[in-house]
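Structural description and commentary
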Amino acid sequence: MSRTIIAPSVLSSDFSRLGDEVEAVADAGGDWIHLDVMDGHFVPNITFGAPVIKAIRGRTKKIFDCHLMIAPADPYLGAFAEAGADVITVHAEAGPHLDRSLQAIRGLGRKAGVALNPGTPESAIEYVLDRVDLILLMTVNPGFGGQAFIPAVVEKVRRVKAMIGGRDILIEIDGGVTAETAPQVVAAGADVLVAGNAVFKGGAGAYRANIDAIRLAADRAAGRVA
Ligand code: DX5
Ligand code: ZN
């Protein structure tokens, strides 16, 4: 059984040194680099877009996991693919044509992800399961790092895991993930854990220990290590 994938979110990094931070967190054992794109419209915050992702793409070979919290998303999918995104995730709530968005991402040769806010039921993605490679379940309301994990979502993780059945789809959890909350979602079926504050706290010297602590707690809960 493969180990839990840890995806540090650079939202909690020092933006004045973004390229160095990406490199540091990759060297410290982060598996994927999670990139939170916010538009100040779908979510109440603005971060960065495709040009910034393109600028840091050369700093690591690790998977660039782009979480688009933007509406509409479709006009920008090509730009994120071109910038070097490996996984492109759109929110089910962000537009009326989810099936089309997911087809467009795969058409660009990228892995297609769909995200659900905490209040959105899993039925929203029931009919697009054959078009997705990853399902991102938000365990906070998107927009900011450092928020408290919403435990009600753990049951949704379980239900989504059952819905996936034998399909090759990863479940990713985003928001308030720590070594304390990780075991609950991993035991329910999560494969990928995004973590911002829990990874970047304490500065670069702490990144490796922070990542290892989350991964160890997760792998134990999943029965992946003794
Ligand atoms: C929130 C973002 C998250 C955020 C997580 O809208 O999607 O990726 O960076 O940060 P923490 O782990 O601090 O909750
Ligand atoms: Zn995110």
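Structure: see above.
Presented here is an overview of the structure given in this document.

Another aspect to go through is the overall build of the protein chain. In terms of helices and strands, the protein chain carries eight helices and eight strands. Against the globule reference of 17 Å for 226 residues, the protein chain gives a C-alpha radius of gyration of 16 Å, in line with a compact fold. For the protein chain, the spread of C-alpha atoms along the principal axes amounts to about 45 × 40 × 30 Å. Taking all 226 residues of the protein chain together, the buried fraction comes to 54%.

Further remarks concern the environment of Val-37. As for its position among the elements, Val-37 is in strand 2 (residues 32–38). Separated by 26 residues in sequence, Val-37 and Leu-11 place their C-alpha atoms 9.2 Å apart. Residues contacting Val-37, with those up to four places away along its chain left out, are Thr-47, Phe-48, Gly-49, Ile-53, His-67, Leu-68, Met-69, Ile-70 and Phe-80.

Attention shifts here to the side chain of His-91. Within the secondary structure, His-91 is located in strand 4 (residues 87–91). Side chain to side chain, His-91 and Asn-117 meet in a polar contact 3.4 Å long. Apart from the residues within four sequence positions on either side, His-91 is in contact with Phe-42, His-67, Leu-68, Met-69, Ala-115, Leu-116, Asn-117, Met-138 and Pro-142.

Here the focus is the site of ligand 1. Ligand 1 sits among 20 residues. The nearest are Asp-36, Gly-143, Gly-146, Asp-174 and Gly-196. Ser-9 places a side-chain nitrogen or oxygen 2.8 Å from an oxygen atom of ligand 1. The backbone of Gly-146 places a nitrogen or oxygen atom 2.8 Å from an oxygen atom of ligand 1. Here ligand 1 loses 99% of its free accessible area of 380 Å² to cover by the protein chains.

With 63 residues, the main nonpolar core has Ile-135 and Leu-193 as its most contacted residues. Tallying contributions element by element places helix 5 (residues 153–164) first for this core, with five residues. Counting 11 residues, the second-largest nonpolar core is a separate cluster that includes Ile-5, Trp-32, Ala-115 and Val-140.

For helix 5, with 12 residues, the first-to-last C-alpha span of 16 Å sits near the 16 Å given by 1.5 Å per residue. Contact partners of the buried residues in helix 5: strand 5 (111–116), strand 6 (134–138), strand 7 (170–174) and helix 6 (182–188). Count one or two residues on from helix 5 and you reach Gly-165, which has phi positive near 55°.

With respect to the helices and strands, the residue Arg-208 is situated in helix 8 (residues 207–221). Taking C-alpha positions, Arg-208 is 8.1 Å from Gly-30, a pair spaced 178 residues apart along the chain. When sequence neighbours within four positions are dropped, the list of residues in contact with Arg-208 reads Asp-27, Ala-28 and Gly-29. Polar contacts involving the side chain of Arg-208 include one to the main-chain carbonyl oxygen of Asp-27, which spans 2.5 Å.

If you trace the eight strands from one edge of the open sheet to the other, you get 1-8-7-6-5-4-3-2, paired in parallel fashion. The sheet is open, and its two borders are formed by strand 1 (5–8) and strand 2, each paired with just one other strand. Neighbouring strand axes in the sheet, compared pairwise and without regard to direction, differ in orientation by 25° on average. Bridge analysis of strand 1 against strand 8 (residues 192–195) gives four bridges, and the strand direction is parallel.

What counts and what doesn't
Residues numbered from 1 in each chain as written. Chains lettered and ligands numbered in written order. Predicted model: local features only at pLDDT ≥ 70, side-chain atom pairs only at ≥ 80, totals over all residues. Heavy atoms only, no water. Helix = DSSP H or I, 4+ residues; strand = E, 2+ residues; numbered from the N terminus. Rg over C-alpha atoms; globule rule 2.2 N^0.38 Å. Buried < 20%, exposed > 50% of the residue type's maximum accessible area, 1.4 Å probe, protein only. Contact = heavy atoms within 4.5 Å. Polar contact = N/O pair within 3.5 Å; in protein donor to acceptor, adjacent residues only side chain to side chain. Near = heavy atom within 4 Å. Areas by Shrake-Rupley, 256 points an atom, 1.4 Å probe, with all protein chains shown as cover. Core = buried A, V, L, I, M, F, W, Y, C linked by side-chain atoms within 4.5 Å. Expected span 1.5 Å × (residues − 1). Pairing = 2+ DSSP bridges. Axes fitted to C-alpha atoms, helices over the stretch in contact; angles between N-to-C directions.

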